[in-house]
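Coordinate inspection notes
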Amino acid sequence: QRATKDETRRAGISYAVADARRLASFTDGTFGAVVEKGLIDCLLCGTDADACFEGASAAIAELYRVIAPGGVMIHVTHSSRTDGLRSAVFDNANARWSEVSMVSLGGDEDEDD
């Protein structure tokens, strides 16, 4: 069952629409948590590989910037955890993640799990 907008307002949840590659309307450390569900997947699906990579890297850098120190980013993807492209995107963003954990929601499974 989905919560209504009135119910989420009472719970302290707010919504905003923005381009994740340019989150200029938010200051550094605005959020304690960010849930990214499929955004990076979508940004990597275009026909221009270089533009896709740069767009996804920009989004990760911006998401990292708006997460408060000690905050959390949850990256939800249907991609395999051995997908080197996603690793490269996260590395290219110059984000200093204190911990990275990945849980497979389906698709390819690693043999050592």
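A brief look at the structure comes next. Here the structure is a predicted model, which means the values were calculated and not measured.

Attention now goes to the layout of surface pockets. Summary: where empty space remains is shown by rolling a probe the size of a single water molecule over the atoms. Of the voids in this model, the second largest pocket is the one considered here, and its volume is about 580 Å³. If you go around the second largest pocket, you meet 16 residues; those closest to its centre are Ala 16, Phe 31, Val 34, Val 35 and Leu 63. At the level of secondary structure, the elements contributing two or more residues to the lining of the second largest pocket comprise strand E1 (31–37) and helix H3 (49–66). Per element, the largest residue contribution to the lining of the second largest pocket is six residues, and it comes from E1. Of the residues belonging to the lining of the second largest pocket, the class tally is 13 nonpolar, one polar and two charged.

With that settled, the discussion passes to the packing of H3 against helix H4 (residues 84–92). Relative orientation of the contacting elements H3 and H4 amounts to 55°, with a least axis distance of 8 Å. The angle between H3 and H4 places the two elements in the oblique class. Remark: the crossing between H3 and H4 carries right-handed chirality. Residue-level inspection shows Phe 53, Glu 54, Ala 56, Ser 57 and Ile 60 of H3 in contact with H4, the latter providing Leu 85, Ala 88, Val 89, Phe 90 and Asn 92. Its residues assigned to classes, the contact of H3 with H4 comprises seven nonpolar, two polar and one charged.

Enumeration according to the criterion identifies four salt bridges in this entry. We note a salt bridge from Asp 19 to Arg 21, for which the minimum N-O separation is 2.9 Å. Ionic pairing is found between Arg 65 and Asp 28, a salt bridge with its closest N-O pair at 2.7 Å. Taken together, the positions of Arg 65 in helix H3 and Asp 28 in the loop between helix H1 (5–10) and E1 put the pair 37 residues apart, joining distant regions of the chain. Judged by its relative accessible area of 23%, Arg 65 falls in the partly exposed class. One salt-bridge network, in which partners are shared between bridges, spans Asp 19, Arg 21 and Arg 22.

Thresholds, definitions, all that
Residues numbered from 1 in each chain as written. Predicted model: local features only at pLDDT ≥ 70, side-chain atom pairs only at ≥ 80, totals over all residues. Heavy atoms only, no water. 1 Å grid on protein atoms, 1.4 Å probe; cavity = no way out; pocket = protein on both sides within 12 Å on 5 of 7 lines; lining within 4 Å. Points joined across faces, edges and corners; volume = space filled by probe spheres on them. Helix = DSSP H or I, 4+ residues; strand = E, 2+ residues; numbered from the N terminus. Nonpolar A, V, L, I, M, F, W, Y, C, P; charged D, E, K, R; others polar. Axes fitted to C-alpha atoms, helices over the stretch in contact; angles between N-to-C directions. Parallel < 35°, antiparallel > 145°, perpendicular 65-115°, else oblique. Left-handed = near helix turned anticlockwise from the far one by under 90°. Contact = heavy atoms within 4.5 Å. Salt bridge = Lys/Arg side-chain N within 4 Å of Asp/Glu carboxyl O. Buried < 20%, exposed > 50% of the residue type's maximum accessible area, 1.4 Å probe, protein only.

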